[in-house]
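Spelled out, the chains give:
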Amino acid sequence: MAVSTSPETPIPVGEVSRLIGGWIERLGAVWVEGQITQLSRRPGAGVVFLTLRDPSYDISVSVTCYRQVFDKVADVVSEGARVVVHAKPEWYAPRGQLSLRAAEIKPVGVGELLARLEQLKKSLAAEGLFAADRKKPLPFLPQLIGLVCGRASAAERDVLENARHRWPAVRFAVRNVPVQGVHAVPQVVAAVQELDALPEVDVIIVARGGGSVEDLLPFSDEQLVRAVGAAVTPVVSAIGHEPDSPLLDLVADLRASTPTDAAKKVVPDVGEELARVQQLRERARRAVDGFLQREERGLASALQRPCIQRPQRMIEDREEQVTALLERGRRTLGHLLDRADSELTHTLARVVALSPKATLERGYAVLQKPDGTAVRSPGEVGADETLRARVAEGEFTVRVDGAPGAATAAE
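Residues numbered from 1 in each chain as written. Predicted model: local features only at pLDDT ≥ 70, side-chain atom pairs only at ≥ 80, totals over all residues. Heavy atoms only, no water.

A. Seen up close, the sheet that holds strand β10 (residues 254-255). Across the sheet, 5 strands lie side by side as β7-β6-β8-β9-β10; this open sheet has parallel pairing. Bordering the open sheet on either side are β7 (171-176) and β10, each of which pairs with just one other strand. In this structure, strand β6 (residues 144-149) lies alongside β7, joined through 6 bridges in parallel fashion. Residue pairing across strands places C149 opposite N176, the latter belonging to β7. Docked against the sheet, helix α5 (residues 184-196) engages β6, β7 and β8 (203-208), running at close to 175° with respect to β6. (Pairing = 2+ DSSP bridges. Helix = DSSP H or I, 4+ residues; strand = E, 2+ residues; numbered from the N terminus. Contact = heavy atoms within 4.5 Å. Axes fitted to C-alpha atoms, helices over the stretch in contact; angles between N-to-C directions.)

Spelled out as structure tokens, the structure:
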């Protein structure tokens, strides 16, 4: 029944809480289906606390049950499991809190949510969306970092403080969006796409602190996974803590275990880089010094060579060789000339001894006809024929006497 109230006749808060409790009490025990997103089993406690969630409407309700009720399904039920609970709604009036007191819990196979995520993971992996060759390398020193995170969140503070501590000049383009709930996925996708479209953004960090499996579900959404896979700018996933592993970790170009770890992996440490530069400078200096020392030793060794200390010695050595060769050439040429002169003298003597002039000097004469032909026999001349007689001292004419073979001298 509706309660009649007015500004003049209000009812106390306690009465309202009592009435709500009465209405809930009349509901009686119900069978409720949902997904366990939080499970607390404290050692020694007689009560187990659960959070039952309806993934379709993003609504959760607290559930309590005695340990002996939960122990019956403890081996097959864990966070993420889909269960059917027979429970009675209870209203805790002092805090105005609704919960369900479970009398029986029945598991519904494998948790539907985890099964769906596993199926989505396999499907996207088959497309190659998680392949290592799709991963883009991060820039060494990003000038502008895009950060997608919750407003005034610990994740935002951890990333900004750690990054600026490592490199004070680093700049951020922060996009604050809901990181859980029904509006988280579209706004995170829009923020990633907006930052990806800015050419000055070098890398994008998607960060969120720890939370329950329920809280981290938006970061396993297919729409977000595909948006990150299509991004041109490298994306770093920094969701939750080390054990958390949403699908965003698999598609991102780099997975960081925490937001603090993301800042350390994206931004270099200025102190470490200065130390590395100093080390490289020392290495370069040692390398140059070593090179110069080697060259100096080589130069000193070269200067110690005799040809460098007395370069004229090479010319002197060659001069002696040239002089020796010159003398040898002169001697050889002299021997050749002497031999040729001796052979020429012998040849000349032979020529002189065999020449007709030598024969003429011994008193012989050569008779020649007017045409110069030598007379070799008496039959070659006729009577009264005039011949020319050649002797050693000159020549004169003779006339053949009437009889063949006789001749007289002519003036």
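B. Seen up close, the packing of α5 against helix α6 (residues 222-230). Interaxial distance between α5 and α6 falls to 9 Å at its minimum, and their mutual angle equals 5°. It follows from the interaxial angle that α5 and α6 lie roughly parallel. Residues V185, V188, V189 and Q193 of α5 pack against Q223, L224 and A227 of α6. (Parallel < 35°, antiparallel > 145°, perpendicular 65-115°, else oblique.)

C. Representation of the pairing of strand β1 (residues 30-40). Where β1 meets strand β4 (residues 82-92), 6 bridges bridge the pair, whose relative direction is antiparallel. Along β4, the bridge assignment pairs Q35 with R82. Bridge count for β1 against strand β2 (residues 47-54) is 5 bridges, and the pairing is antiparallel. Along β2, the bridge assignment pairs I36 with L52. The turn linking β1 back onto β2 is made up of 6 residues, and G44 within it adopts a positive phi angle of 85°.

D. Fine view of the pairing of β8. Burial runs high along β8: 6 of the 6 residues are buried. Along β8, one buried face is formed by V203, I205 and A207 and the opposite face, lined by I204, V206 and R208, is buried too. Where β6 and β8 come together, 4 bridges link them in parallel fashion. Considered in β8, the bridge of L147 is made with I205. (Buried < 20%, exposed > 50% of the residue type's maximum accessible area, 1.4 Å probe, protein only.)

E. Highlighting the pattern of salt bridges. For the coordinates displayed, the defined rule picks out 16 salt bridges. D71 is the salt-bridge partner of R41, the closest N and O atoms lying 3.5 Å from each other. With R41 in the loop between β1 and β2 and D71 in helix α2 (residues 67-71), this pair connects stretches of sequence that are 30 residues apart. Taking relative accessible area as the criterion, D71 reaches 38% and is therefore assigned partly exposed. Measuring nitrogen to oxygen at the nearest pair gives 3.6 Å for the salt bridge that ties R101 to E90. Here the residue R101 occupies a position in strand β5 (residues 97-107), and E90 occupies one in strand β4, the gap between them amounting to 11 residues. Overall, R101 belongs to the partly exposed group, its relative accessible area being 25%. (Salt bridge = Lys/Arg side-chain N within 4 Å of Asp/Glu carboxyl O.)

F. Representation of the packing of aromatic side chains. Taken as a whole and judged by the stated rule, the model has 0 aromatic pairs. The ring of Y66 has R101 sitting right over it, with the charged end atom 5.1 Å from the ring centre. (Phe/Tyr/Trp six-rings, centres within 6.5 Å; stacked < 30°, edge-to-face > 60°. Lys NZ or Arg CZ within 6 Å of the ring centre and 35° of its normal.)

G. Region of the structure containing a nonpolar patch on the surface. Together, V3, I11, V16 and W23 make up a nonpolar patch on the protein surface, roughly 310 Å² of accessible area in all. You can see I11 is positioned in the segment before α1 (13-27). (Patch = residues over 30% accessible without salt bridge, like charges linked within 9 Å, V, L, I, M, F, W, Y side chains within 5 Å. Areas by Shrake-Rupley, 256 points an atom, 1.4 Å probe, with all protein chains shown as cover.)

H. Fine view of the packing of helix α4 (residues 154-166) against helix α8 (residues 259-266). In the contact formed by α4 and α8, the axes pass within 8 Å of each other and the chain directions differ by 30°. By the angle between their directions, the pair α4 and α8 is classed as roughly parallel. α8 is crossed by α4, and the crossing has right-handed handedness. Where α4 abuts α8, its residues A155, D158, V159, N162, A163 and R166 lie against P259, T260, A263 and K264. Partitioning the contact of α4 with α8 into residue classes produces 5 nonpolar, 2 polar and 3 charged. (Left-handed = near helix turned anticlockwise from the far one by under 90°. Nonpolar A, V, L, I, M, F, W, Y, C, P; charged D, E, K, R; others polar.)

I. Fine view of the environment of D253. Mapped onto the secondary structure, D253 falls in the loop between α7 (247-251) and β10. Distance in space between the C-alpha atoms of D253 and V203 is 9.9 Å, their sequence separation being 50 residues. A polar contact is formed between the side chain of D253 and the backbone nitrogen of V235, at a distance of 2.8 Å. (Polar contact = N/O pair within 3.5 Å; in protein donor to acceptor, adjacent residues only side chain to side chain.)

J. Structural view of the environment of R294. Along the chain, the position of R294 falls in helix α9 (residues 270-303). Considering only alpha carbons, one finds R294 and A389, 95 residues apart in sequence, at a separation of 101 Å.

K. A look at the sheet that holds strand β3 (residues 59-66). Around the barrel, 5 strands lie side by side as β1-β2-β3-β5-β4; this closed barrel has mixed pairing. For this sheet, the mean angle separating the axes of adjacent strands, direction not counted, is 55°. Bridge analysis of β3 against β5 gives 4 bridges, and the strand direction is parallel. Paired with V63 across the two strands is L100, which belongs to β5.

These values are about where atoms sit, not about what they do.
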